[in-house]
Amino acid sequence: MPAPYLKQVVLRPERVEDWTRYPFNLPLFRDGSFDFRFTQAVTIIVGENGTGKSTFLEAIAAVVGFDQAGGGPGYMPLDHSTAIDQNGDLLAPALAASWLPRIGTGWFFKAESFFAIARYLDQAALTGMAIPPDFLSHSHGEGFLRFFDERCRRQGIYIFDEPESALSPARQMEFLKLIRRMEQSNICQVIIATHSPMIMAYPEAQFLCLTKQGFEPSSFKQTSHFLTMRSFCQDPKGFMDDLFEE
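Residues numbered from 1 in each chain as written. Predicted model: local features only at pLDDT ≥ 70, side-chain atom pairs only at ≥ 80, totals over all residues. Heavy atoms only, no water.

Draft legend 1. Representation of the pattern of salt bridges within the structure. Evaluated as defined, the whole model comprises six salt bridges. As a salt-bridge pair, E174 and K177 come within 3.5 Å of each other at their nearest N and O atoms. Of the two residues, E174 and K177 are both situated in helix α6 (residues 169-185); the distance of three residues between them amounts to about one turn of the helix. What makes E174 partly exposed here is its relative accessible area of 38%. When the shortest N-O distance is used, the salt bridge between E183 and R180 registers 3.1 Å. Taken together, the positions of E183 and R180, both in helix α6 and three residues apart, correspond to about one turn of that helix. Of the residues examined, E183 reaches a relative accessible area of 17% and is grouped as buried. (Salt bridge = Lys/Arg side-chain N within 4 Å of Asp/Glu carboxyl O. Helix = DSSP H or I, 4+ residues; strand = E, 2+ residues; numbered from the N terminus. Buried < 20%, exposed > 50% of the residue type's maximum accessible area, 1.4 Å probe, protein only.)

Draft legend 2. Representation of the packing of aromatic side chains within the structure. Counted under the stated rule, the structure contains twelve aromatic pairs. Ring centres 5.5 Å apart and planes at 85° place the aromatic pair F232 and F239 in the edge-to-face group. Overall, F232 belongs to the partly exposed group, its relative accessible area being 28%. Three or more aromatic residues joined by ring pairs make a cluster, and in this case those are F29, F34, F36, F38, F56 and F215. A cation over a ring is seen here: R102 above W99, with NZ or CZ 4.2 Å from the ring centre. (Phe/Tyr/Trp six-rings, centres within 6.5 Å; stacked < 30°, edge-to-face > 60°. Lys NZ or Arg CZ within 6 Å of the ring centre and 35° of its normal.)

Draft legend 3. Representation of the sheet that holds strand β4 (residues 95-99) within the structure. In spatial order, the strands read β2-β1-β4; together these three strands make up an open sheet with antiparallel pairing. Where the open sheet ends on each side, the last strands, each with one partner, are β2 (35-37) and β4. On average, each strand axis in the sheet is tilted by 15° relative to the strand beside it, whichever way the strands run. Where strand β1 (residues 6-11) lies against β4, five bridges are found, and the strand directions are antiparallel. Counted as the bridge partner of Q8 is S98 from β4. Packing against the sheet, helix α2 (residues 53-64) makes contact with β1, β2 and β4, and its axis sits at approximately 60° to β4. (Pairing = 2+ DSSP bridges. Axes fitted to C-alpha atoms, helices over the stretch in contact; angles between N-to-C directions. Contact = heavy atoms within 4.5 Å.)

Draft legend 4. A look at a negative patch on the surface. Among the surface-exposed residues, D235, D242, E245 and E246 lie close enough to one another that they form a single negatively charged patch. The residue E245 is located in helix α9 (residues 236-245) in this model. Residue classification places E245 among the exposed positions, given a relative accessible area of 65%. (Patch = residues over 30% accessible without salt bridge, like charges linked within 9 Å, V, L, I, M, F, W, Y side chains within 5 Å. Areas by Shrake-Rupley, 256 points an atom, 1.4 Å probe, with all protein chains shown as cover. Lys, Arg positive; Asp, Glu negative; His and termini not counted. Charge placed at Lys NZ, Arg CZ, Asp CG, Glu CD.)

Draft legend 5. Broad picture of the sheet that holds strand β9 (residues 214-217). If you trace the six strands from one edge of the open sheet to the other, you get β5-β6-β7-β3-β8-β9, paired in mixed fashion. The outermost strands of the open sheet, each flanked by one partner alone, are β5 (106-110) and β9. Ignoring strand direction, the axes of neighbouring strands in this sheet form an average angle of 20°. In this structure, strand β6 (residues 156-161) lies alongside strand β7 (residues 188-193), joined through six bridges in parallel fashion.

Draft legend 6. Structural context of the environment of G72. Here G72 is to be found in the loop between α2 and α3 (88-91). Note on G72: relative accessible area 1%, which makes it buried. Here the alpha-carbon distance between G72 and F109, two residues 37 residues apart in the chain, equals 8.7 Å. In contact with G72, not counting residues within four places along its chain, are F66, D67, G106 and W107.

Draft legend 7. Inspection of the nonpolar core at higher detail. Counting 37 residues, the largest nonpolar core has L11, F34, F36, F56, I60, I159 and F215 as the members making the most contacts within it. Secondary-structure elements contributing two or more residues to this core are β1, α1 (27-30), α2, β4, β6, β7 and β8 (206-211). Per-element accounting of this core gives the leading share, seven residues, to α2. Counting 28 residues, the second-largest nonpolar core is a separate cluster that includes F160, L176, C188 and F207. (Core = buried A, V, L, I, M, F, W, Y, C linked by side-chain atoms within 4.5 Å.)

In structure tokens:
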């Protein structure tokens, strides 16, 4: 079966113990009718900080079987899981998932945990491979892309939380080519949360904007991210003048 494999996640109100506790107090979940359906192999989610994007991705990762601090199935290193905020562990048990078929392979990428993961993999590879990956010998962006390229060739669900954090515009272009290869393989489901207008522009993806009211269909040209960057690029000096006069 081609991707997407994870078809739907639904909030089960009876599984929520405290509606005043984050993340259940977010408008996204508060009325108890949350129902998210994946319709494409590539899903892109945008929204301002604090709307719950990362929490939602962490919960999806937990539903798939990944560590919410980043990693793949069965990977739960002690050196980073307790160092990163994980609100998805509160949300995940309240979600019910629909699959076709059930897939538990893939990877959950979080920028802030990448180096802990890369260090673990480099050290583990020394004991089992003649030529270890050595992700950390590269620059930040090069290490990310090499890591992506090596890890994203197999069937699975791949979740990226703000991958642009370590990527220059040129590297973001390479990342988009990687996503295209994954999509065309028909065996990868990709879920991305991003603030990058360049990544938002990926064609034919399921594109949703997370607002205080919940998920809303949109296009990247309607986002505040794109409109702000367009205003800056059209007149950088005028943009700065207006900014500092406020």
